[in-house]
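Observations on chain architecture
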Amino acid sequence: MAELVPLRTAIEQLVRDGDVVALEGFTHLIPHAAGHEVIRQRRRDLTLVRMTPDVVYDQLVGMGCARKLVFSWGGNPGVGSLHRVRDAVEHDWPRPLELEEHSHAGMAAAYAAGAANLPFGVVRGYRDTDLASQTNVERITCPFTGEQLAAVPAHRPDAGIVHAQQADRRGNVQLWGITGVQKEVVLASKRSIVTVEEVVDELEPRPGAVVLPHWVIDAVSHVPGGAHPSYALGYYDRDNEFYVRWAEISRERDIFAQWMEENVLRESVLA
Amino acid sequence: MSELMAVSAARRLQDGEVCFVGIGLPSLAANLARATHAPNCVLIYESGTIGAKPTELPLSIGDGELAVTADAVVSVPEMFAYWLQGERIDIGFLGAAQIDRHGNLNSTVIGDYDHPKVRLPGGGGAPEIATSVRDVFVMLKQSRRSFVERLDFKTSVGERVRVVVTDLGVLEPDGDGELRLTHVHPGVEPEEVRAATAWDLSIAEDLAVTEAPSEAELGALRSLRTKGAPG
């Protein structure tokens, strides 16, 4: 049952050291503010799950919150590498980072399986690639046709975190535009947090929207601007300049550390 | 040179084809085709936008412009299951750090997987795009570091690669599926292309020279270049 709580409280209560945590968002509605709160609360040994880890995962990894990353494409879209993730993988800084790497189709199927309370998802992929031997998939045979397929174990995060445009006062949530895998993440996770741009008296139905009823969410936090530098359709645009600047901020360890100190660690807690 | 790459790829798109588009050069090429000879091309970005009609080139595959102009926006699991795996897409664009003579691609690591020299972004949609679309178009700059005898990691398979557009020319598979040089860009000698390829690249008997971009193509390219677009 969704409770409207401050973000600090939501993270304190629902994200624990050692958890498997998915903060999802496909370019749009990426829960940056929630990721920053995880960093401020110094969570450790997390297994971070995300199809497209970008800047906020670079920050979590660079601040030493994660021991493992489960992903399918890690980069700064249109800009280049994630320097902090690369430093962790290539030089074990600030600590070693284990990788479990999938394809997008595999990750999406794994979330959908988790949401459906099934043990695995099925895709036709991974065939004849080197990915199959490096990741956690198994070949299975279709019992009806004999076709060889790939089984991907379901994602069942301990905590799933997404950002949305609106919630009502009971904690029902609505998001629209590019909705990514957010519905699947919330339904697949044992505990879930949704940060929202706005709390309204009543949700107005929007074309193509995803509506998550309050009783599948544990905490809703009102965090205006909580997706920045990602965007929230109808509220603010993507801060493309910041993504470009991140390449410079994140390249060197000390500049990164200083930026995090000034912009994340010192920030007074939102909402 | 990226202009010539975009033009070479765009010309190979037929009007009305359904294209799975990545960011950067593929997005430039597909939007150039839409702005010139193929106004009815359907652009699909893996963020879930079907029939996106951006007026500015997006910096990322999930820009708001794509969702607002799309015919439909679907979830990411639906995109990969119903639309891509469902084989409803004609053309898929891929880039990579390395390609071999059979069009197999590496976008995962340079060096050993467990102790990489360079950790690349990873496969993303590529493994399934490579086996689910009708024709794969590859776009990447040509050098001995990228056109390799042996991939460090096979991220996607080359069996559906129909054309490889580089900054030097165009490669297409012969009857045995081996890539050979079929076009050089204006001012490029075939030997230059061979020198920029780590395998013994064969040259098509009917090797052609890429036609220089037309005024219409250049005009369309200029009007598309905005908003932090690469190149």
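Throughout this document, residue positions are counted from 1 along each chain, in the order its sequence is written. Chain letters start at A and ligand numbers start at 1, both assigned in the order the entries are written. With the structure being a predicted model, the display of local features is reserved for residues of pLDDT at least 70 and the display and counting of side-chain atom pairs for 80 or more, all residues being used for whole-chain, interface and lining totals.

1. Focus: the overall build of chain A
Put simply, DSSP H or I for four residues or longer makes a helix, DSSP E for two residues or longer makes a strand, and each gets a number counted from the N terminus. Tallying secondary structure elements over chain A gives nine helices and 13 strands in all. Atoms considered for the radius of gyration are the C-alpha atoms alone. The globule rule reads 2.2 Å times the number of residues to the power 0.38. In summary, chain A has a C-alpha radius of gyration of 18 Å against a globular reference of 18 Å for 271 residues, a match within 12%. Here the C-alpha coordinates of chain A stretch approximately 55 × 45 × 30 Å along the principal axes. Exposed residues have 12 or fewer other C-beta atoms within 10 Å of their own C-beta, buried residues have 20 or more, and residues in between are partly exposed; the C-beta atoms are placed from the backbone. Classification of the 271 residues of chain A by burial places 55% in the buried group. In chain A, 75% of the contacts between residues at least 6 apart in sequence involve partners at least 24 apart. What counts as a contact here is a pair of residues whose C-beta atoms, placed from the backbone, lie within 7 Å.

2. With respect to the packing of helix α3 (residues 55-62) of chain A against helix α4 (residues 83-91) of chain A
The relative placement of two packed helices comes down to the angle between their axes together with the axis-to-axis distance. All names here are of chain A. A fitted line through C-alpha atoms represents every axis, and for helices the fit uses only the stretch in contact; the resulting angles, taken between N-to-C directions, go from 0 to 180 degrees. Two elements in contact, α3 and α4, have axes separated by 7 Å at closest approach and are oriented at 40°. Taken together, the axes of α3 and α4 lie oblique to each other. For the element pair α3 and α4, the recorded crossing hand is left-handed. Here Tyr57, Asp58, Val61 and Gly62 of α3 come into contact with α4, specifically with Arg84, Val85 and Ala88. When its residues are assigned to classes, the contact of α3 with α4 shows four nonpolar, one polar and two charged. Here roughly perpendicular refers to angles of 65 to 115 degrees, roughly parallel to angles under 35, roughly antiparallel to angles over 145, and oblique to all remaining angles. The crossing is said to be left-handed when, going from far helix to near helix, the turn is anticlockwise and less than a right angle, and right-handed when the turn is clockwise. All residues other than Ala, Val, Leu, Ile, Met, Phe, Trp, Tyr, Cys, Pro, Asp, Glu, Lys and Arg, Gly among them, are scored as polar; the first ten of these are nonpolar and the last four charged.

3. Looking at the interface of chain A and chain B
On the side of chain B, 39 residues touch chain A, which itself brings 46 residues to the contact. Only α4, α5 (104-115), α6 (131-134), α7 (182-188) and α8 (240-251) of chain A provide two or more residues apiece to the side of chain A that touches chain B. If one sorts the elements of the side of chain A that touches chain B by residue count, α5(A) sits on top with six residues. For the side of chain A that touches chain B, the class distribution of residues is 19 nonpolar, 16 polar and eleven charged.

4. Considerations on the confidence of the model for chain B
Residues and elements named next belong to chain B. The pLDDT value expresses, per residue, how confident the predictor is, ranging between 0 and 100. Taken over all residues, the pLDDT of chain B has a mean of 93, while the share at 70 or more is 97%. Overall, residues 227-231 carries pLDDT values under 50, and its contacts beyond four positions in sequence, including any with other chains, amount to 14 contacts. Interface scoring of the predicted complex returns ipTM 0.93; its pTM is 0.94.

5. So, the sheet that holds strand β4 (residues 72-73) of chain B
Residue and element names in this part refer to chain B. The strand order β4-β3-β2-β1-β5-β10-β11-β12-β13-β14 describes an open sheet built from ten strands, whose pairing is mixed. The open sheet has two edge strands with one neighbour each: β4 and β14 (203-209). At least two bridges found by DSSP between two strands are what make those strands a pair. Note that strand β5 (residues 91-94) and strand β10 (residues 135-139) share four bridges and pair parallel. Each bridged residue has a counterpart across the sheet, and for phenylalanine 93 the counterpart in β10 is phenylalanine 137. Against the sheet, helix α2 (residues 25-35) engages β1 (18-21), β2 (42-45), β5 and β10, with an angle of about 155° to β1.

6. Overview of the pairing of strand β4 (residues 66-71) of chain A
Residue and element names in this part refer to chain A. In the sheet, strand β3 (residues 46-50) pairs with β4 via five bridges, with the strands oriented parallel. The residue of β4 that forms the bridge with leucine 46 is alanine 66. Crossover handedness is defined here as right-handed if the route from the first strand over the helix to the second strand goes clockwise, with the strands pointing away from the viewer. With respect to chirality, the unit in which β3 leads through α3 into the neighbouring parallel β4 is right-handed. Pairing of β4 with strand β5 (residues 98-101), which is carried by four bridges, proceeds in the parallel orientation. What sits directly across from leucine 69, in β5, is leucine 99. Tracing the backbone out of β4, into α4 and back to the parallel element β5 gives a crossover that is right-handed.

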